[in-house]
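# Summary of the model geometry
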Number of protein chains: 2
Amino acid sequence: MAGPFAIAYEDVLTAAERIRGRVHRTPVVTSQTFDTLAGRRLFFKCENLQRVGAFKFRGASNAVARLDATRAARGVVTHSSGNHAQALALAARERGIPAFIVMPRTAPAVKRNAVAGYGGQIILCEPTLADREATAARICAETGATLIPPYDHPDVMAGQGTAALELLEEVPDLDAVMAPVGGGGLISGVAIAARGFRPGIAVYGAEPAAADDAARGKATGVRQDQAPPKTVADGLMTTLGALTWPVVRDAVDAIYTVDEAAIIDTTKRFWERTKLVIEPSSAVPVAAALGEAFRAARPEIRRLGIILSGGNVDLDHLPWR
Amino acid sequence: MAGPFAIAYEDVLTAAERIRGRVHRTPVVTSQTFDTLAGRRLFFKCENLQRVGAFKFRGASNAVARLDATRAARGVVTHSSGNHAQALALAARERGIPAFIVMPRTAPAVKRNAVAGYGGQIILCEPTLADREATAARICAETGATLIPPYDHPDVMAGQGTAALELLEEVPDLDAVMAPVGGGGLISGVAIAARGFRPGIAVYGAEPAAADDAARGKATGVRQDQAPPKTVADGLMTTLGALTWPVVRDAVDAIYTVDEAAIIDTTKRFWERTKLVIEPSSAVPVAAALGEAFRAARPEIRRLGIILSGGNVDLDHLPWR
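Just so we're clear, the structure is a prediction, and the values are computed from it rather than from any experiment.

### Points about the overall build of chain A
A count of helical and extended segments in chain A gives 14 helices and 10 strands. Since a compact globule built from 321 residues should have a radius of gyration of about 20 Å, the 18 Å found for chain A is in line with a globular shape. For chain A, the C-alpha atoms occupy an extent of roughly 55 × 45 × 40 Å along the three principal directions. The proportion of buried residues among the 321 residues of chain A is 56%.

The following block contains the structure:
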């Protein structure tokens, strides 16, 4: 693979040391049912069982731990209403520093409550990207707090990569790993970690067909925008960042896309058979692994690791209702 | 404790040897959130992750394995539409013998399909206990198959007890164990296993207030009937059997009851926080451990093991909808 990228394998190893004992070493589970459906052995890395219910706590913990004492004391800022917001709030609380979370005033109460429950200070803004960025910038200026973006940041990318490192430490002889692709923080960290640990390994991304900027980017060689997508996999609606895109372009073998029906069906079937709650974003790589395109293209892959990115769902509004 | 009972500790040990490698050794998980809610350390034995999604596979496997070759060849029979039916079907299939499952013709398609999926031969009957028993007796007479009842049978009780044995092997210093109470197969096996492994341990049962025959039995010293109960914990509607009742009477310290709202709320909260799908019957002991009655009565219990009995739910009909 080419490079240099925003992070190297050593950054993932250092991140793993730094966050050891702060993040859960999540289990790797298997399922005969899904092995049969996929036609190969699958190894699921359960980041749904990570603290705050998502891999995001790895990157947030690494980024917060990296701050020197003076900067850290002024706190951290992000604009997010998803898992990164909760992750940053908890990582900051554990270091004893403030976390300022900019959220659109339209964010559901359940998400606000989750952030507040982890001690985050919520600042509401208008539901536009411009106002989110402007509000976050204002908070930074007023408080001296450090902006920790949700994916396009070396410390965040390196932290997310530790999920793949742990997976390979437990199952070293994987032929390939697959992870969902949103902003690219997870897939880029996974790619750098997996290829560093086992140079010959294949790395695949999976994304909703309705939010396929990474697949289009790979096809054209140019980072793609996308109109605000409509997908049940609400963790994967962002586009790749300036730092994550080169890793996806050069260190990810292929991106597979899946349609909404497959995402929903796979989410439900996964709950039924494994008794593990995963969010639809986590079901995206599972659905890709079960899909015809992947099965036809990659018969040589016998043992595939899949990162289950998270398990945060609103049980009052399930996607199959 | 008194006795003798239908099973002794040695029967549980023998059952554990007999079913080793056929049943999953399920994990024990913990949750800071639930520890805080309970005011003590909780250790959850995840029988929702057992094969067929419930502890029932332990007892069915033990009972099927105990049959000599001649009897086994004629097959096994039960009348059940729940987890025991699926468990017996799979245990029989793995031994290469037929399983005849008598089900009421009103049983939902999802339950019929589950039994058929494990290779069980379904015989429909009228939805009355009399016709279920008569039909099962007719099948036994016609085929020579052996009736394996869902709970009131020594091999079934001993098999279920292996769940507590494994829990204590992994967490030996528990002060108490708690399990849900339906027909009593699980709680009786658990009580014999736990007291055999660790004589000073406390053993508690938990049941829906709407199906409280065990609690009334303990209060009066006499086995109780109950009108067909209406509870969301559909695995716990049966009454104690002739063999399980004496164990509950003499070897279980107390039965705690919980109301329907607590069962539903605890089920949902458990999914949300642990990302593990449990069925409402499994939430019954969790709700009891979190309830005021138990907390007030048992301050000395620091480390409590809880058997999560199963995870089979209909995701299209969740109890909080």
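### A few points about the sheet that holds strand β9 (residues 254-258) of chain B
Residue and element names in this part refer to chain B. Spatially, six strands are ordered β1-β2-β10-β7-β8-β9 in an open sheet, and the strand pairing comes out mixed. Since the sheet does not close on itself, it has two edges, and those belong to β1 (28-29) and β9, each with one partner. Summarising the sheet, strand β2 (residues 41-46) and strand β10 (residues 303-308) pair through six bridges and their orientation is parallel. Note that in β10 the partner of C46 across the bridge is L308. Sheet strands in contact with helix α9 (residues 185-197) are β7 (176-180), β8 (202-208) and β10, and its direction is about 165 degrees off that of β7.

### Looking at the domain arrangement of chain A
Residue and element names in this part refer to chain A. Entries for chain A in the domain assignment read domain 1 (9-54 + 153-308) and domain 2 (57-147). With eight residues, the top contributor of residues to the side of domain 1 that touches domain 2 is helix α8 (residues 154-170). Of the residues in the side of domain 1 that touches domain 2, the class split is nine nonpolar, eight polar and four charged.

### Quick notes on the relation of the copies chain B and chain A
Superposition record for chain B on chain A: RMSD 0.0 Å, screw rotation 180 degrees, translation along axis 0.0 Å. What the rotation and shift describe, once combined, is the action of a two-fold rotation axis. Considering only C-alpha atoms, the residue of chain B closest to the rotation axis is B:L276, which sits at 2.5 Å. Comparing interface residues between copies, 100% of those in chain B also lie at the interface in chain A; the contact surface is shared.

### Things to note about the pairing of strand β5 (residues 121-125) of chain A
Here strand β4 (residues 99-104) of chain A pairs with β5(A) via five bridges, running parallel. Residue A:F100 lies in a different strand from β5(A), and its bridge partner there is A:Q121.

### Thoughts on helix α12 (residues 260-274) of chain B
Residue and element names in this part refer to chain B. With 15 residues, α12 extends 21 Å from end C-alpha to end C-alpha; this agrees with the ideal 21 Å at 1.5 Å per step. Along α12, the positions that sit buried rather than exposed are I263, T266, T267, F270, W271 and T274. Viewed end-on, α12 has its buried residues packed into an arc of 130 degrees, placing them on one side of the element. On its buried face, α12 is in contact with β1, β8, β9 and α13 (280-290).

### What to know about the packing of helix α3 (residues 56-66) of chain A against helix α5 (residues 83-95) of chain A
Residue and element names in this part refer to chain A. Following both chains from N to C, one finds α3 and α5 inclined at 40 degrees, their axes separated by 8 Å at the closest point. Comparing their axes, α5 and α3 come out oblique. When you trace α3 past α5, the crossing you get is right-handed. Contact with α3, carried on its side by K56, F57, A60, S61 and V64, involves N83, H84, A87, L88, L90, A91, A92 and R95 of α5 and no other residues of that element. By residue class, the composition of the contact of α3 with α5 is eight nonpolar, three polar and two charged.

### Description of the interface of chain B and chain A
Listed by partner, the interface residues are 11 residues for chain B and 12 residues for chain A. When its residues are assigned to classes, the side of chain B that touches chain A shows five nonpolar, three polar and three charged.

### Quick word on the confidence of the model for chain A
Considering every residue of chain A, the mean pLDDT works out to 95; 99% of them sit at 70 or more. The ipTM assigned to the predicted complex is 0.91, against a pTM of 0.94.

### Concerning the environment of A:T231
Residue and element names in this part refer to chain A. Inspection of the secondary structure assignment puts T231 in the loop between α10 (213-220) and α11 (244-251). Between the C-alpha atoms of T231 and S309, which are 78 residues apart in sequence, the distance is 16 Å. Excluding residues within four positions of it along the chain, T231 makes contact with P208, A210, A211, L236, M237 and E260.

### Re the sheet that holds β5(A)
Whether parallel or antiparallel, the strands of a sheet pair through hydrogen bonds between backbone atoms. Residue and element names in this part refer to chain A. Read across the sheet, four strands follow the order β5-β4-β3-β6 without closing on themselves; strand pairing throughout is parallel. On the outer flanks of this sheet lie β5 and β6 (146-147), each paired with one strand and no other. Sheet analysis places strand β3 (residues 76-79) next to β6, joined by two bridges and oriented parallel. Bridge pairing in β6 places V77 opposite L147. Helix-sheet contacts for α5 involve β3 and β4, and the interaxial angle to β4 is about 165 degrees.

How each quantity is defined
Residues numbered from 1 in each chain as written. Chains lettered and ligands numbered in written order. Predicted model: local features only at pLDDT ≥ 70, side-chain atom pairs only at ≥ 80, totals over all residues. Helix = DSSP H or I, 4+ residues; strand = E, 2+ residues; numbered from the N terminus. Rg over C-alpha atoms; globule rule 2.2 N^0.38 Å. Buried ≥ 20, exposed ≤ 12 C-beta atoms within 10 Å, placed from the backbone. Pairing = 2+ DSSP bridges. Contact = placed C-beta atoms within 7 Å. Axes fitted to C-alpha atoms, helices over the stretch in contact; angles between N-to-C directions. Domains from an automatic or database assignment. Nonpolar A, V, L, I, M, F, W, Y, C, P; charged D, E, K, R; others polar. Least-squares fit on C-alpha atoms with pLDDT ≥ 70 in both. Expected span 1.5 Å × (residues − 1). Arc of directions from axis to C-beta. Parallel < 35°, antiparallel > 145°, perpendicular 65-115°, else oblique. Left-handed = near helix turned anticlockwise from the far one by under 90°. pLDDT = per-residue confidence, 0-100.

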